[in-house]
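Geometric and topological summary
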Amino acid sequence: MRPARLLLVEDEEALGAVLADTLRREGHEVAWVRAGPEGLAEARRGRYDLLLLDLMLPGLDGFELCRRLRAEGSRLPILMLTARGREEDRVRGLDLGADDYLPKPFSLKELLARVRARLRPARPEAPRTARLGAAEVDLGAMVVRRAGAEHALTRREAGVLALLLAHPGEVISRTRFLDEVWGYERFPTTRTVDMHVARVREKLGDTGPEPRYIRTVHGVGYRFDPAPDPVADGDGAP
Ligand code: CA
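These lines cover the structure that appears in this document, whether it is placed above or below. (Residues numbered from 1 in each chain as written. Predicted model: local features only at pLDDT ≥ 70, side-chain atom pairs only at ≥ 80, totals over all residues. Heavy atoms only, no water.)

1. Digging into the nonpolar core
Quick reminder of the rule: Working definition of a nonpolar core: buried Ala, Val, Leu, Ile, Met, Phe, Trp, Tyr and Cys residues. They are joined through side-chain atoms within 4.5 Å. Note on classification: 1.4 Å probe, protein chains only; a residue is buried when its accessible area is under 20% of the maximum for its type, exposed when over 50%, partly exposed between these limits. Runs of H or I in DSSP of at least four residues are treated as helices and runs of E of at least two as strands, each being numbered from the N terminus. We call two residues in contact when some of their heavy atoms are within 4.5 Å.
Residues Val 137, Leu 161, Phe 177 and Leu 204 are the most contacted members of the largest nonpolar core, which totals 28 residues. Among the secondary structure elements, those contributing two or more residues to this core are strand E6 (129–132), strand E7 (135–138), helix H6 (155–166), helix H7 (174–182), helix H8 (190–204) and strand E12 (221–224). The leading source of residues in this core is H6, at 7 residues. Ignoring any residue separated from it by four or fewer positions in sequence, one finds Val 137 in contact with Arg 128, Thr 129, Ala 130, Leu 132, Val 143, Val 144, Leu 161, Leu 165 and Leu 204. Among the nonpolar cores identified, the runner-up in size contains 20 residues, and Leu 7, Leu 40, Ile 78 and Ala 98 belong to it.

Here it is, written out as structure tokens:
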């Protein structure tokens, strides 16, 4: 996969340098320009995957830059960076076609999470229902039915399960769970992911020493295994 191409429009020298450096360390290609008109010209070249856009800029502010790009039909994802925390600015930015908004000061970890979220290709949909051994998962109703009982799933538990079911056989890292299920609003620890997975396993009845459906990938995360060993099938199904 080629590195993502990011366009950073930021006139604060010190902040711009830290952002460009951080994003490059993450493996992205970063073009950094410091003024609005230059940013617009660069964005129009159409070679970028994401625009990180400061609001207060010399020459042309971030709102106007965003408005013009969208008026021209550009679909470049835009993440607005701004010192203004006022809600009307956030709403205005989103109304003008920005995809996301990050109020300064923000942590670099939060910035990187938002960039990852913006760069991620459209995700496959998790199936709404799935049968895992004796358990029937219904993500629409947010329940697991098993042995005649219904176990309600919390929103986070359903999110964890949906992410796993959407990517059978794929290792999902704890960081990715945090990005996709918890979002970037807050940063719980990776231990939170483990606790939620444990609860989901309990509801599925997948609690042996070697869980069959949600496998632990040590040091990394979890993997949904849709084809468990039939010999170990103890639920009475043929
Ligand atoms: Ca500025």
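2. What to know about the packing of H6 against H8
Selection criterion: In this analysis an axis means a line fitted to C-alpha atoms, helices contributing only their contacting stretch, and an angle means the value between N-to-C directions, from 0 to 180 degrees. Should an angle fall under 35 degrees it is taken as roughly parallel, and over 145 as roughly antiparallel, whereas 65 to 115 is taken as roughly perpendicular and any remaining angle as oblique. We call Asp, Glu, Lys and Arg charged. Ala, Val, Leu, Ile, Met, Phe, Trp, Tyr, Cys and Pro are nonpolar, and the rest, Gly among them, are polar.
Across the interface, H6 lies against H8 with an axial gap of 9 Å and an inter-helix angle of 85 degrees. Considering the angle they form, H6 stands roughly perpendicular to H8. On H8, the residues that touch Arg 156, Glu 157, Val 160 and Leu 161 of H6 are His 196, Val 197, Arg 199, Val 200, Lys 203 and Leu 204. Along the lines of polarity and charge, the residues of the contact of H6 with H8 split into 5 nonpolar, 1 polar and 4 charged.

3. With respect to the sheet that holds strand E5 (residues 100–103)
Heads up, the condition is: Pairing between strands is defined by DSSP: at least two bridges between them are needed.
Spatial strand order, E2-E1-E3-E4-E5: 5 strands in an open sheet with parallel pairing. Edge strands, defined here as strands with exactly one partner in the open sheet, are strand E2 (29–33) and E5. Mean inter-strand twist for the sheet, computed between neighbouring axes without regard to direction, equals 20 degrees. Across 4 bridges, strand E3 (residues 50–54) lies against strand E4 (residues 78–82) in parallel orientation.

4. Regarding the pattern of salt bridges
For clarity, the cut-off: Note on definitions: salt bridges are taken to be side-chain nitrogens of Lys or Arg within 4 Å of carboxyl oxygens of Asp or Glu.
Taken as a whole and assessed by the stated rule, the structure comprises 22 salt bridges. Its salt-bridge partner being Arg 70, residue Asp 99 comes within 3.0 Å of it at the nearest N-O pair. With a gap of 29 residues between them, Asp 99 in the loop between helix H4 (87–95) and E5 and Arg 70 in helix H3 (residues 62–71) connect regions that are remote in the sequence. Here Asp 99 falls in the partly exposed class, since its relative accessible area comes to 31%. The partner of Arg 215 in a salt bridge is Asp 225, with the nearest N and O atoms 3.1 Å apart. Taken together, the positions of Arg 215 in strand E11 (residues 214–217) and Asp 225 in the segment after E12 put the pair 10 residues apart, joining distant regions of the chain. The exposure class assigned to Arg 215 is partly exposed, which follows from its relative accessible area of 22%.

5. Section: the coordination of the calcium ion
Stated precisely, the cut-off is as follows: Note that water is not among the atoms considered, so a metal site may appear incomplete; the donors listed are N, O and S atoms within 2.8 Å of the metal, with 3.2 Å applied to Na, K and Ca.
For the calcium ion, the full set of protein donor atoms is Asp 11 (OD), Asp 54 (OD) and Met 56 (O), and the range of their distances to it is 2.1 to 2.3 Å. Considered as a linear motif, the donors of the calcium ion on their single chain read D-x42-D-x1-M. Owing to a relative accessible area of 48%, Met 56 belongs among the partly exposed residues under this scheme.

6. Here we look at helix H5 (residues 108–119)
Each α-helix winds once per 3.6 residues, and so residues spaced three or four apart point in a common direction. Applicable threshold: Here the expected length of a helix is defined as 1.5 Å per residue gap, with one fewer gap than residues.
A rise of 1.5 Å per residue sets the reference length of H5, with its 12 residues, at 16 Å; its end C-alpha atoms lie 16 Å apart and thus fit the reference within 8%. If you check which residues of H5 are buried, you get Glu 110, Leu 111, Leu 112, Ala 113, Arg 114, Val 115 and Ala 117. Where the residues of H5 are buried, they touch strand E1 (5–9), helix H1 (13–25), E3, E4, E5 and H7.

7. A few points about the sheet that holds strand E9 (residues 149–152)
Ordered in space as E6-E7-E8-E9, the 4 strands form an open sheet in which the pairing is antiparallel. Each edge of the open sheet carries a strand with a single partner, namely E6 and E9. Across the sheet, the mean angle separating the axes of adjacent strands is 20 degrees when strand polarity is ignored. As paired elements, strand E8 (residues 143–146) and E9 share 4 bridges and run antiparallel to each other.

8. With respect to the environment of Glu 150
When you line up the elements, Glu 150 lands in strand E9. Residue classification places Glu 150 among the exposed residues on the basis of a relative accessible area of 54%. For Glu 150 and Val 137, which are 13 residues apart along the polypeptide, the C-alpha to C-alpha distance reads 9.9 Å. Sequence-distant contacts of Glu 150, that is, excluding residues within four places in its chain, are made with Val 143, Val 144 and Arg 145.

9. Let's talk about the pairing of E2
Put simply, the rule is: With its strands directed away from the observer, a crossover is right-handed exactly when the path from the first strand over the helix to the second travels clockwise.
Where E1 and E2 come together, 5 bridges link them in parallel fashion. From the neighbouring strand, Val 9 faces E2, where its bridge partner is Val 33. As for the winding sense of the linkage, the β-α-β connection from E1 through H1 to E2 is right-handed.

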